[in-house]
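Listed here are the chains, written in short residue letters.
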Amino acid sequence: MLRYSAFLFKEFLESVVRVGRKLRASNYSRAALSPEATALAKDGIYIRPNYFSRNVCEELIAKIDSYIESGNNNVWVDDQEADHRLYFINEVDSQFQEIFDDPYFKAVLAEHTGTQSPKGMLLAAKLVYKAGNKGSGGGWHRDSPFQHQFKAICYLSDVQEENGPFEFIEGSHRKRQVLVDCLKRFWKPGQYRFSNSEIDDYIKRSGKKVVTVCSSAGSLVFADTKGIHRGRPMLDGIRYVLFCYYWHNQIPEHFNKLRQSRK
Ligand SMILES: [Fe+2]
């Protein structure tokens with residue numbers, strides 16, 4: 001009972017803080033929401049194909065490869081050597097900084113969360129198929145159990161069923177849905193990691209839809225990563241993806257060791 005009370009209080013507090021930020025954000029009370037912000041509020045995900053040209057994608061892929069191979073960059077690699085990540089690559093490369101600063105991304109972020117001057121970074125990732133890989137993010141999860149989070153994801157490769165598409169359970173970021181699912185005992189209050197069998201059972205019994213983003217190079221995805229999501233485990237191939245992370249106050253401390261300037 002105490003656990004449910006704490007859970008409800010945290011959800012309530014999150015709403016108060018976020019609505020306060022939105023009311024302070026310019027235009028919030030005057031303008032209708034954009035299609036992007038409307039989709040984020042309702043579904044938690046918005047997909048826009050062809051945001052970047054193929055030429056730009058190829059140029060960025062070549063840069064990622066050279067940064068990974070140079071030995072001069074801070075590259076995070078998982079145990080299986082399937083996942084290679086260049087966190088904060090925007091701080092050493094102006095082209096990535098320009099993407100991170102895209103006014104379009106920031107306008108949608110401000111509409112969705114009320115955050116107008118975010119702190120954050122761009123992560124460039126190269127993912128290669130290795131037998132037994134768990135997929136990007138290590139399986140189904142929420143980035144935060146309570147806080148709504150906005151992420152801009154840019155596909156630099158064509159992504160199909162076999163090379164690890166982004167997957168998102170539609171509407172799973174919504175406060176009402178989180179509460180209903182907890183009351184129905186699908187999840188425990190505050191739960192943010194989920195086994196495959198929990199998700200399979202949830203989809204079967206709730207009828208909720210999993211959005212699988214199979215899309216061409218250059219596609220852009222906005223997601224509220226409070227919603228349940230994962231990168232599907234890869235069956236084959238390779239993919240390159242950019243992730244723009246934004247926070248309202250400060251970058252969480254544990255990301256500092258991943259900065260490029262550290263090496
Ligand atoms: Fe995530």
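As a reminder, the structure under discussion sits directly above these lines.
Keep in mind that this is a model prediction, so the values were computed, not measured. (Residues numbered from 1 in each chain as written. Predicted model: local features only at pLDDT ≥ 70, side-chain atom pairs only at ≥ 80, totals over all residues. Heavy atoms only, no water.)

(A) A look at the nonpolar core. In this structure, Ile64, Phe105, Leu122, Phe222 and Leu242 are the most contacted members of the largest nonpolar core, which totals 32 residues. At six residues, helix α3 (residues 54-70) tops the list of elements feeding residues into this core. With sequence-adjacent residues up to four places away left out, Phe105 is seen in contact with Tyr51, Phe52, Ile99, Phe150, Ala152, Cys154, Leu220, Phe222, Cys244 and Tyr246. Counting 24 residues, the second-largest nonpolar core is a separate cluster that includes Tyr87, Leu127, Phe166 and Phe168. (Core = buried A, V, L, I, M, F, W, Y, C linked by side-chain atoms within 4.5 Å. Buried < 20%, exposed > 50% of the residue type's maximum accessible area, 1.4 Å probe, protein only. Helix = DSSP H or I, 4+ residues; strand = E, 2+ residues; numbered from the N terminus. Contact = heavy atoms within 4.5 Å.)

(B) Just the sheet that holds strand β3 (residues 83-86), in detail. Ordered in space as β1-β8-β5-β10-β4-β3-β2, the seven strands form an open sheet in which the pairing is antiparallel. Looking along the sheet, the strands with just one partner apiece sit at the ends: β1 (45-48) and β2 (76-77). Pairing of strand β5 (residues 150-155) with strand β10 (residues 238-247) involves five bridges; the strand directions are antiparallel. Residue pairing across strands places Lys151 opposite Tyr245, the latter belonging to β10. The strands touched by helix α2 (residues 35-42) within the sheet are β1, β5 and β8 (220-224), with β1 carrying the most contacts at an inclination of about 140 degrees. (Pairing = 2+ DSSP bridges. Axes fitted to C-alpha atoms, helices over the stretch in contact; angles between N-to-C directions.)

(C) Fine view of helix α5 (residues 103-113). Among the residues of α5, Tyr104, Phe105, Val108, Leu109, Ala110, His112 and Thr113 are the ones counted as buried. Where α5 starts, the residue carrying a side-chain oxygen 2.8 Å from the main-chain nitrogen of Tyr104 turns out to be Asp102. Once α5 ends, the next one or two residues include Gly114, with phi positive near 85 degrees. (Polar contact = N/O pair within 3.5 Å; in protein donor to acceptor, adjacent residues only side chain to side chain.)

(D) Region of the structure containing the pairing of β3. Taking every second residue as pointing to the same face, both faces of β3 are buried, with Asp83 and Arg85 on one and His84 and Leu86 on the other. Two successive antiparallel strands, β2 and β3, enclose a turn made up of five residues, where Glu81 displays a positive phi of approximately 60 degrees. Inspection of the sheet shows β3 paired to strand β4 (residues 119-128) by four bridges, in the antiparallel sense. The residue bridging Leu86 from the neighbouring strand is Ala124, located in β4.

(E) Representation of the pattern of salt bridges. On inspection of all chains with the given rule, the structure shows 15 salt bridges. A salt bridge links Asp101 to Lys106; its shortest N-O distance comes to 3.1 Å. Overall, the relative accessible area of 33% leaves Asp101 in the partly exposed class. Residue classification places Lys106 among the partly exposed residues on the basis of a relative accessible area of 22%. With a closest N to O distance of 3.7 Å, Lys209 and Glu170 form a salt bridge. One end of the pair, Lys209, is in the loop between α7 (196-206) and β7 (210-213); the other, Glu170, is in the loop between β6 (166-169) and α6 (175-183), and 39 residues separate them in sequence. (Salt bridge = Lys/Arg side-chain N within 4 Å of Asp/Glu carboxyl O.)

(F) Representation of the sheet that holds β7. Pairing is antiparallel across the open sheet formed by three strands, whose spatial order is β7-β6-β9. Whereas interior strands pair on both sides, the edge strands pair on one side only; in this sheet they are β7 and β9 (229-231). Direction aside, the axes of adjacent strands within the sheet are offset by 15 degrees on average. Two strands pair when backbone bridges link them, and β6 and β9 are joined in this way by three bridges, in the antiparallel orientation. When the sheet's bridge partners are listed, Glu167 is paired in β9 with Arg230.

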